[in-house]
Amino acid sequence: MLTVTDLSVEYTDGARAIDAVCFSMKAGENIALIGANGAGKTSLLLALIGVLPSVSGEIRLGETILTKKTLREIRARIGLVFQNPDDQLFMPNLFEDIAFGPRSFGCPEAETIKRVTAALSQLGIENLAERSPLKLSGGEKRLAAIATVLAMNPEFLLFDEPTAFLDPRARRTLTAILAELPQGKLIATHDLAFAEQLCSQVLLLQKGKLVANRGREVLQDAATLEGAGL
Amino acid sequence: MSDISARLHNLRALESLSMGRTVIHRVHPLAKLFSALIFIVCTASFGRYDFAALTPYLFYPFVMMALAELPYKLLLSRMLIALPFCLFAGLSNVIFDKAAAFTVVGVTISLGILSLMTILLKMYLCVMAALLLVATTPFTELTAQLRRLHVPAVFVMVFEITFRYISVLLEEVYAMTTAYKLRSGSKKALDMRHMGSFVGQLLLRGFDRAERVHAAMGCRGYSLKSIPPPRRQLRSSDVLMLAAVCLPALLLRFFMVGHLYMTG
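Each residue is numbered by its place in its chain's sequence as written, counting from 1. Labels are handed out in written order, letters beginning with A for the chains and numbers beginning with 1 for the ligands. Only residues with pLDDT of at least 70 are given local features in this predicted model, and only at 80 or more are side-chain atom pairs given and counted; all residues enter the totals for whole chains, interfaces and linings. Hydrogens and waters are ignored; side-chain quantities use all the structure's heavy atoms.

Undergrad: Any chance you could break down the sheet that holds strand β1 (residues 2-10) of chain A for me, citing the residues and the numbers?
TA: Residue and element names in this part refer to chain A. Taken in spatial order, the 4 strands line up as β2-β1-β4-β5 in an open sheet, and their pairing is antiparallel. The sheet terminates laterally at β2 (16-25) and β5 (64-65), the two strands that pair on one side only. Whether two strands pair depends on DSSP finding at least two bridges between them. Runs of E in the DSSP output that reach at least two residues are strands. Runs of H or I that reach at least four are helices, and both are numbered from the N terminus. Of the pairings in the sheet, the one linking β1 to strand β4 (residues 54-61) comprises 6 bridges and is antiparallel in character. Considered in β4, the bridge of V4 is made with I59. Along the sheet face, helix α1 (residues 41-48) touches β1, β2 and β4 and points at about 65° away from the line of β2. Note on definitions: a residue-residue contact is assigned when non-hydrogen atoms from the two residues lie within 4.5 Å. All axes are obtained by fitting lines to C-alpha atoms, using only the stretch in contact for helices, and the reported angles, taken between N-to-C directions, cover 0 to 180 degrees.

Undergrad: Describe empty space enclosed by the protein, listing the residues and the values that go with them.
TA: The method works on a 1 Å grid over the protein atoms by themselves. A cavity is a set of points holding a 1.4 Å probe that cannot get out, a pocket is an open set with protein on both sides within 12 Å along at least five of seven lines, and residues with an atom within 4 Å of a point line them. Grid points are joined across faces, edges and corners, and a volume is the space filled by probe spheres set on the points. Scanning the entire structure with this criterion turns up 1 cavity of 30 Å³ or more. Taken as a whole, the largest cavity encloses approximately 280 Å³ of empty space. Lining the largest cavity are 21 residues, and of these F100 and S104 of chain A together with T140, E160 and P228 of chain B lie nearest its centre. For the lining of the largest cavity, the leading source of residues is helix α8 (residues 139-148) of chain B, giving 6 residues. Here the lining of the largest cavity is composed, by residue class, of 9 nonpolar, 5 polar and 7 charged. All residues other than Ala, Val, Leu, Ile, Met, Phe, Trp, Tyr, Cys, Pro, Asp, Glu, Lys and Arg, Gly among them, are scored as polar; the first ten of these are nonpolar and the last four charged.

Undergrad: So what about the pattern of salt bridges? Which residues, and what values?
TA: The salt bridge definition used is simple: a Lys or Arg side-chain nitrogen within 4 Å of an Asp or Glu carboxyl oxygen. Applying the stated rule across the entire model yields 23 salt bridges over all chains. Its salt-bridge partner being E10 of chain A, residue R16 of chain A comes within 3.5 Å of it at the nearest N-O pair. For R212 of chain B, the salt bridge is made with D208 of chain B, and the minimal N-O distance between the two is 3.1 Å. With R212 of chain B and D208 of chain B both in helix α10 (residues 192-219) and 4 residues apart, the pair spans about one turn of that helix. Burial classes: relative accessible area under 20% of the type maximum marks a residue as buried, over 50% as exposed, and values in between as partly exposed (1.4 Å probe, protein chains only). Note on R212 of chain B: relative accessible area 30%, which makes it partly exposed. Taking the relative accessible area as the measure of exposure, D208 of chain B reaches 39% and is therefore partly exposed. The structure contains a network of salt bridges with shared partners spanning D87 of chain A together with E172, R205, D208, R209 and R212 of chain B.

Undergrad: I'd like a rundown of helix α7 (residues 168-180) of chain A, residues and numbers included.
TA: All names here are of chain A. An expected span of 1.5 Å times one less than the residue number is assigned to each helix. Compared with an ideal rise of 1.5 Å per residue, which puts 13 residues at 18 Å, α7 spans 19 Å between its outermost C-alpha atoms and is within 8% of the ideal. Residues of α7 that are buried: A170, R171, L174, T175, I177 and L178. Buried residues belonging to α7 abut α6 (138-150), β7 (156-160), β8 (184-188) and α8 (192-198).

Undergrad: So what's going on with the pairing of strand β9 (residues 201-206) of chain A? Which residues, and what values?
TA: Residues and elements named next belong to chain A. Across 5 bridges, the pairing between strand β3 (residues 30-35) and β9 is parallel. In the sheet register, G35 faces β9, and the bridge partner there is L205. Inspection of the sheet shows β9 paired to strand β10 (residues 209-215) by 6 bridges, in the antiparallel sense. Counterpart to Q201 in the pairing with β10 is G215.

Undergrad: Explain the packing of aromatic side chains to me, and be specific about the residues and the numbers.
TA: All names here are of chain B. In summary, the pairing rule links any two rings of Phe, Tyr or Trp, Trp by its six-membered ring, whose centres are within 6.5 Å, and it sorts them by plane angle into stacked for under 30 degrees, edge-to-face for over 60 and tilted for everything else. Tallying each qualifying case throughout the model produces 6 aromatic pairs over all chains. Consider the rings of F39 and Y57, whose centres lie 5.6 Å apart with planes at 65°: the pair is edge-to-face. One end of the pair, F39, is in helix α2 (residues 29-44); the other, Y57, is in the loop between α3 (51-54) and α4 (59-68), with 18 residues separating them in the sequence. Y57 gets classed as buried once you look at its relative accessible area, which sits at 3%. With 5.6 Å between their ring centres and 75° between their planes, F46 and Y57 make a pair best called edge-to-face. Placement of the pair is F46 in the loop between α2 and α3 and Y57 in the loop between α3 and α4, with a sequence separation of 11 residues. Through a chain of ring-to-ring contacts, three or more aromatic side chains come together here, namely F39, F46, Y57 and Y60. Two conditions define a charge located above a ring, namely a distance within 6 Å from the ring centre to NZ of Lys or CZ of Arg, and an angle within 35 degrees of the ring normal. We note R253 situated over the ring of F46; from NZ or CZ to the ring centre the distance is 4.6 Å.

Undergrad: Run through the layout of surface pockets, naming residues and quoting values.
TA: By volume, the largest pocket is sized at about 1200 Å³. Broken down by secondary-structure element, the contributors of at least two residues to the lining of the largest pocket are α1, α2 (71-77) and β6 (78-81) of chain A together with α10 of chain B. Broken down by element, the lining of the largest pocket gets its largest block of residues, 7 residues, from α10 of chain B. Of the residues that constitute the lining of the largest pocket, the class distribution is 16 nonpolar, 9 polar and 11 charged.

Undergrad: Talk me through the packing of α4 of chain B against helix α7 (residues 111-136) of chain B; I want residue IDs and the actual numbers.
TA: Residues and elements named next belong to chain B. Two elements in contact, α4 and α7, have axes separated by 10 Å at closest approach and are oriented at 20°. In terms of orientation, α4 lies roughly parallel with respect to α7. Crossing of α4 against α7: the hand is left-handed. Residues Y60, P61, F62, M64, M65 and A68 of α4 pack against Y124, L125, M128, A129, L132 and T136 of α7. An angle counts as roughly parallel when it lies under 35 degrees, as roughly antiparallel when it exceeds 145, as roughly perpendicular when it falls between 65 and 115, and as oblique in every other case. For any helix crossing, the convention is left-handed if the near helix is rotated counterclockwise from the far helix by under a right angle, and right-handed if that rotation is clockwise.

Undergrad: Give me the lowdown on the side chain of T143 of chain B, citing residues and values where you can.
TA: Residues and elements named next belong to chain B. Tracing the sequence through the fold places T143 in helix α8. What makes T143 buried here is its relative accessible area of 3%. Counting of polar contacts relies on pairs of N or O atoms within 3.5 Å, with two restrictions inside protein: one atom must be capable of donating a hydrogen and the other of accepting it, and residues adjacent in sequence are counted only when both atoms are side-chain atoms. Here the side chain of T143 touches E160 through a polar contact of 2.9 Å, side chain to side chain. Those residues within four positions of T143 in sequence are excluded, and the remaining contacts are V156, F159 and E160.

Undergrad: For helix α4 (residues 94-104) of chain A, give the residues involved together with the corresponding values.
TA: Helical geometry: 3.6 residues make up each α-helical turn, so side chains three or four residues apart lie on a common side. With 11 of its 11 residues buried, α4 of chain A lies for the most part within the structure. Here α4 of chain A has its buried residues at L94, F95, E96, D97, I98, A99, F100, G101, P102, R103 and S104 of chain A. Contact partners of the buried residues in α4 of chain A: α2, α3 (85-88), α5 (109-122) and α6 of chain A together with α8 and α10 of chain B. At the N-terminal end of α4 of chain A, a side-chain oxygen is found 3.1 Å from the backbone nitrogen of F95 of chain A, two or three residues along, and the residue is N93 of chain A. Backbone geometry just downstream of α4 of chain A places G106 of chain A in the positive-phi region, at approximately 85°.

Undergrad: Now, about the sheet that holds β9 of chain A: what can you tell me, with residues and values included?
TA: Residues and elements named next belong to chain A. On the basis of which strands lie adjacent, the open sheet formed by 6 strands has the order β6-β7-β8-β3-β9-β10 and mixed pairing. A strand with exactly one partner marks an edge of an open sheet, and here the two such strands are β6 and β10. Strand-to-strand twist in this sheet, taken as the mean axis angle between neighbours without regard to direction, amounts to 15°. One ladder, built from 4 bridges, connects β6 with β7; its direction is parallel. Within the sheet, the bridge partner assigned to V81 lies in β7 and is F159. On the sheet, α6 packs against β6 and β7 and is oriented at approximately 165° with respect to β6.

Encoded structure:
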């Protein structure tokens, strides 16, 4: 269980990015995180994995509370897929990129190779293993970025705009793949149809505040969505 | 392909070469690191007029390139980047050190020219040894090896970050110059009056992008303190390779075979 209690995050200029947000997420649960541009979706994802420091509140994964000491453990258990895959793919070929995480976490080489192979096959991109990330299409890059995170065997996955830059076919492929992944997923998106297909719960952010934490029927509630700037 | 795009491609090309599967690529990074270091120390330690003594070392880059199946042209183009610096350092010798060294078919070669030739040969050998190491060993493995040898983490991080961010910066330059050219009519180069804001924007964008890449690395366990376990243990074949490079290099250094043959 991932539990967030009264979480607040500030930008370096002192402005509130996230303001006293509370929610929890069970293992295997899919939650959509929606909100207008600048609502704080990316900041919340970055805070959950300790990239943005919180000014108050608590992030708890099982019995572990996110602190400087537990940062490494939390990052091994929660994987973040960035909005722009180019930020996430930086090694000379895809195999090395996927292996970067397990190796950094001290996995023995045999286990690393096993994990990389499993991640590639889980996403059906074994043929891309030797390719340079620079030479991949948008859809392939997205799957590659997911593979880099899957290889760390995380319990929860955080996605920042996973359907951005994708054509309809790549989007359909991605939807089918995400539906099959057993991990709990928190998906920040503007694509409401995509959120409705995948998620049972919806978090609605407005100017850093959580204004709704409801079932997916909120996606049909035009007044609430409009009120949140969507 | 534009100049920046070509540079970016070249930068990645060397990294791609390190993913090869030849006999040299399979050697343990520690063995390659030590053999390159010993080779560089040996060649750099020769005197300024020891040109002949250095010539046997030319075997090393050629043999390594052949065994590792590396394209000579690419490595040579990289090596030439260091040429102007060495020429600049050596030219003053040609001017001031005019004493005769020896005569070849009636032409007197001065000590200055001999020392310039020695500097150039040393540069060729040292830079090639470093390039061969980088072209046959994945950069992450190389830096991981340095960490395992307890090289201060901050130095290793500077190597890693510089290597990683040069391409990030070039990508940003490429995107910005393309956008600039598309909206600047027939201009081929950046206008001087736009240079200030262009460089400023580049700095900000590069910084922003570098932060995101660093965050992505951190999310996947990268830290100054983490030392990845070795991908495999040192084998006897690795020690053999180390000996095959180091013993001749050391023997040549201490017995100066080339020098003997020249003066004898």
